[in-house]
Amino acid sequence: MKSEYINSFYKATKDVLRLLVDIEPQRGDLKVVNCFASNKDANVELGVKGDLKGKILFSFPQNMTLEMVKIMSGMEMDKIDNFASSALGEIANIIGGNALTLLSEYNYTCDIDPPQIYIGNYESASALNEKALQMPLVTPIGEFDITIFLKE
Amino acid sequence: MMWKEKYKIGIDSIDRQHEELFGHVSNFTQTIRNEENWEAKLDKVKETMAFMKDYVITHFSEEEAYQEKINYPYLEEHREAHDKFKEAVNDYVKIFEENGFTEDKIQEFGGKLMTWLIMHVGNMDQKIGEYVKSKGGQS
């Protein structure tokens, strides 16, 4: 997988989280993964179509999800309900959209499907024939992952 | 409160409207999230929804008129973003009219509305302020 895919998602994530929740994620070591799965509490899947095809998975722990929604709304959150999961889906959607704008600078024209939100463990229904890359991101309010599976 | 000083764009008339808009969205969020029985607060939810729908349209129109006045070069792009925002709000209004103001759907709408608004004002609208600044100050 090309580095511009990873870099575009990293930059978009950094910019969006800085603006929305005042945090600056730091990138951890990339991991190659064989399956599209997560044991984190809140997962958002974005399908990608166009010049690049595949999917992106954002995986957040519960406390971090609640803290992000609290920072945005100024209100205490004690569970990932429809309000929190919808906000989280929209954050991922905005990051995805911005990442695709960055990828268009490399002449890739793509589109994303509406976010699919999964609360609880996530395992993709369709198996991956190829490997995906998982990028851990460390922030002062928790650690989350973005798993990227894209091909031309 | 949702409003933060960093969302200001440096143009008083627009900042005042943004702060007011954030205030309304914040009140809406508090209303839909308080512990009160859903049926009991339904009238307030409907009333706030109707008000916000109108307020968003008024604010967007005024913001676009301001951009025209200052010959803002990204007006079309900005108008498109406003149109998408309005379309998304109207899609939800349609869902509520057809299927009722269910708590789950309103909560879903509330989470999205908050995120859209912060992102739009905190990102796209900032560029209007930067443009005005580059031209030598407030217009």
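Calculation notes
- Residues numbered from 1 in each chain as written.
- Chains lettered and ligands numbered in written order.
- Predicted model: local features only at pLDDT ≥ 70, side-chain atom pairs only at ≥ 80, totals over all residues.
- Helix = DSSP H or I, 4+ residues; strand = E, 2+ residues; numbered from the N terminus.
- Rg over C-alpha atoms; globule rule 2.2 N^0.38 Å.
- Buried ≥ 20, exposed ≤ 12 C-beta atoms within 10 Å, placed from the backbone.
- Contact = placed C-beta atoms within 7 Å.
- pLDDT = per-residue confidence, 0-100.
- Core = buried A, V, L, I, M, F, W, Y, C linked by C-beta atoms within 7 Å.
- Pairing = 2+ DSSP bridges.
- Axes fitted to C-alpha atoms, helices over the stretch in contact; angles between N-to-C directions.
- Parallel < 35°, antiparallel > 145°, perpendicular 65-115°, else oblique.
- Nonpolar A, V, L, I, M, F, W, Y, C, P; charged D, E, K, R; others polar.

Q: Which residues make up the overall build of chain A, and what values do they have?
A: Each helix and strand in chain A was counted, giving three helices and ten strands. The helix and strand sequence of chain A, counted from the amino end, reads α-β-β-β-β-β-α-α-β-β-β-β-β. Computed over its C-alpha atoms, the radius of gyration of chain A comes to 14 Å, within 12% of the 15 Å expected for a compact globule of 152 residues. A principal-axis box enclosing the C-alpha atoms of chain A has dimensions of 45 × 30 × 30 Å. Burial statistics for chain A: of 152 residues in total, 44% are counted as buried.

Q: Quick one: what's the story with the overall build of chain B, residue by residue and with numbers?
A: Looking only at helices and strands, chain B has four helices and zero strands in total. The linear arrangement of helices and strands in chain B, starting from the amino end, is α-α-α-α. A buried classification covers 23% of the 139 residues belonging to chain B. Sequence-distant contacts in chain B: of pairs separated by 6 or more residues, those separated by 24 or more amount to 69%.

Q: Explain the confidence of the model for chain B to me, using residue names and the numbers behind them.
A: All names here are of chain B. Summarising the model, chain B shows a mean pLDDT of 90, and 99% of its residues fall at 70 or more. Here helix H2 (residues 38-69) stands out as the element of chain B with the lowest mean pLDDT, 88, in contrast to helix H4 (residues 103-134), whose mean of 94 is the highest. As scored by the predictor, the complex reaches a pTM of 0.92 and an ipTM of 0.91.

Q: Before we move on, can you summarise the nonpolar core with the specific residues and values?
A: Counting 59 residues, the largest nonpolar core has Met72 and Leu88 of chain A as its most contacted members. The element contributing the most residues to this core is helix H3 (residues 82-104) of chain A, with eleven residues. With residues near it in sequence (within four places) discarded, methionine 72 of chain A still touches Leu20, Val21 and Ala87 of chain A together with Met2, Met114, Thr115 and Ile118 of chain B. Core analysis: the next-biggest nonpolar cluster, separate from the first, contains five residues, Ile9, Ile14, Tyr72 and Ile128 of chain B among them.

Q: Give a detailed account of the pairing of strand E10 (residues 142-151) of chain A, specifying residues and quantitative values.
A: Residue and element names in this part refer to chain A. With seven of its ten residues buried, E10 lies for the most part within the structure. Summarising the sheet, strand E5 (residues 53-60) and E10 pair through seven bridges and their orientation is antiparallel. From the neighbouring strand, serine 59 faces E10, where its bridge partner is aspartate 145. Relative to E10, strand E9 (residues 132-139) is paired through seven bridges, and the arrangement is antiparallel. Each bridged residue has a counterpart across the sheet, and for glutamine 134 the counterpart in E10 is threonine 147.

Q: Any chance you could break down the interface of chain A and chain B for me, citing the residues and the numbers?
A: Interface size, as often reported, equals the accessible area lost upon joining of the parts. Across the boundary between the two partners, chain A contributes 15 residues, which contact 19 residues of chain B. With eight residues, the single largest contributor to the side of chain A that touches chain B is H3 of chain A.

Q: Tell me about the environment of tyrosine 5 of chain A, and please be specific about residues and values.
A: Mapped onto the secondary structure, tyrosine 5 of chain A falls in helix H1 (residues 3-21). Once residues within four sequence positions are removed from consideration, tyrosine 5 of chain A is found in contact with Ile148 and Leu150 of chain A.

Q: With reference to specific residues and values, describe the packing of H2 of chain B against helix H3 (residues 75-99) of chain B.
A: Residue and element names in this part refer to chain B. Here H2 crosses H3 at 175°, and the two axes come no closer than 11 Å. When the axes of H2 and H3 are compared, the pair comes out roughly antiparallel. Along its contact with H2, which presents Lys53, Val56, Ile57, Phe60, Glu64, Gln67 and Glu68, the element H3 presents Leu75, His78, Arg79, His82, Lys86, Val89 and Val93. Residues that form the contact of H2 with H3 fall into these classes: six nonpolar, three polar and five charged.

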